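Next come the chains, spelled out residue by residue.
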Amino acid sequence: GGAANGYAMYVDGTMEPGMVASISTNAVICSAQTMYCSIWLRNPSSTAHSGALPIFRCNIQGRKKTDQTDAQGKTIYTEWEDAGVYFVGKLNKGTSNAGGSWHQVVFPINSTSSYSETRVSLYNFGTGGNGNDFMVDDICLYVSPLPLAAYQATMGCESFTDASTT
């Protein structure tokens, strides 16, 4: 733990369902491109605790640059829209003596549109302050390379016969 090994986000229960984390990137996504999202989640509660479980959904969202600028000359973007949604579900508790272990959630999203920027948003639909605690770490969005089309052709060579000799 600590600064040398990085930090994780701890959420002490959310009373209302909604977005709990959002990481924006400047990744440019092309239509028909596959993205992969990876998120590490942990329920720190033990089974000895009777509280509620967190319930997660991940949204990969994108927005596009427009040709317009604001009064300060900054580019105006469209509103965020969902490029893909993945339902993670409930995050179980640990053993009777310890909290749950870390779980890596990895899922693909196939974008049907092109985006100038992307973000990963994590939503918790568990409610109540009794339980519903969780930890989040290492939210990553990986973009696959664009598919390449390769064409192979065999070039024909003409046969030349020199009929004249000197």
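Residues numbered from 1 in each chain as written. Predicted model: local features only at pLDDT ≥ 70, side-chain atom pairs only at ≥ 80, totals over all residues. Heavy atoms only, no water.

(A) Examining the overall build of the protein more closely. Each helix and strand counted, the protein has zero helices and ten strands in total. Each helix (α) and strand (β) of the protein, taken in turn from the N terminus, gives the series β-β-β-β-β-β-β-β-β-β. Among the 166 residues that make up the protein, the fraction classed as buried is 33%. Counting only contacts in the protein whose residues sit at least 6 apart along the sequence, the fraction spanning at least 24 positions is 84%. Accessible surface, the protein as shown: approximately 10,500 Å² in total, 51% of it carbon and sulfur. (Helix = DSSP H or I, 4+ residues; strand = E, 2+ residues; numbered from the N terminus. Buried < 20%, exposed > 50% of the residue type's maximum accessible area, 1.4 Å probe, protein only. Contact = heavy atoms within 4.5 Å. Areas by Shrake-Rupley, 256 points an atom, 1.4 Å probe, with all protein chains shown as cover.)

(B) Quick look at the environment of G94. With respect to the helices, strands and loops of the structure, G94 is situated in the loop between β7 (81-90) and β8 (103-110). Sequence separation between G94 and H49 is 45 residues, and the spatial gap between their C-alpha atoms is 9.8 Å. Other than its neighbours up to four places away in sequence, G94 contacts S45, S46, T47, G99 and G100.

(C) Inspection of the environment of F125 at higher detail. By the secondary structure assignment, F125 is in the loop between β9 (117-124) and β10 (134-143). A sequence separation of 69 residues divides F125 from F56, and the C-alpha atoms of the two residues are 6.3 Å apart. Among residues more than four places away in sequence, those in contact with F125 are P17, I55 and R57.

(D) Summary view of the sheet that holds strand β3 (residues 34-42). In spatial order, the strands read β1-β10-β3-β8; together these four strands make up an open sheet with antiparallel pairing. Of all the strands in the sheet, just β1 (9-11) and β8 have a single pairing partner and so form its edges. The average angle at which neighbouring strand axes cross in this sheet is 30 degrees, direction not considered. (Pairing = 2+ DSSP bridges. Axes fitted to C-alpha atoms, helices over the stretch in contact; angles between N-to-C directions.)

(E) Representation of the sheet that holds strand β2 (residues 18-25) within the structure. The sheet built from four strands is open, its strands ordered β2-β9-β4-β7 with antiparallel pairing. Strand pairing shows two members of the sheet lacking a second neighbour, β2 and β7, which therefore form its edges. Adjacent strand axes in the sheet meet at a mean angle of 15 degrees, parallel and antiparallel pairs treated alike. Of the strand pairs in this sheet, strand β4 (residues 55-63) and β9 are connected by eight bridges, and their pairing is antiparallel. Paired with G62 across the strands is T118, a residue of β9.

(F) Looking closely at the nonpolar core. Counting 23 residues, the largest nonpolar core has I39, L41, I60 and L122 as its most contacted members. Counting only elements with at least two residues in this core, the list comes to β2, β3, β4, β8, β9 and β10. What L41 contacts, discounting residues up to four positions off in sequence, is F56, V88, L91, S101, W102, H103, V105, L122, M135 and V136. (Core = buried A, V, L, I, M, F, W, Y, C linked by side-chain atoms within 4.5 Å.)

(G) Focus on the pattern of salt bridges. For the structure on display, the rule yields one salt bridge. As a salt-bridge pair, R63 and E117 come within 2.9 Å of each other at their nearest N and O atoms. In this pair, R63 is assigned in strand β4 and E117 in strand β9, connecting sequence segments 54 residues apart. The exposure class assigned to R63 is partly exposed, which follows from its relative accessible area of 21%. (Salt bridge = Lys/Arg side-chain N within 4 Å of Asp/Glu carboxyl O.)

(H) Summary view of unusual backbone geometry. Unusually for a residue other than glycine, A32 sits at a positive phi of about 70 degrees. You can see A32 is positioned in the loop between β2 and β3. Although it is not a glycine, D138 sits at a positive phi angle of roughly 50 degrees. Residue placement: D138 occurs in strand β10. Note on D138: relative accessible area 46%, which makes it partly exposed.

So, to be careful, I would describe these as geometric facts and stop short of saying anything about function.
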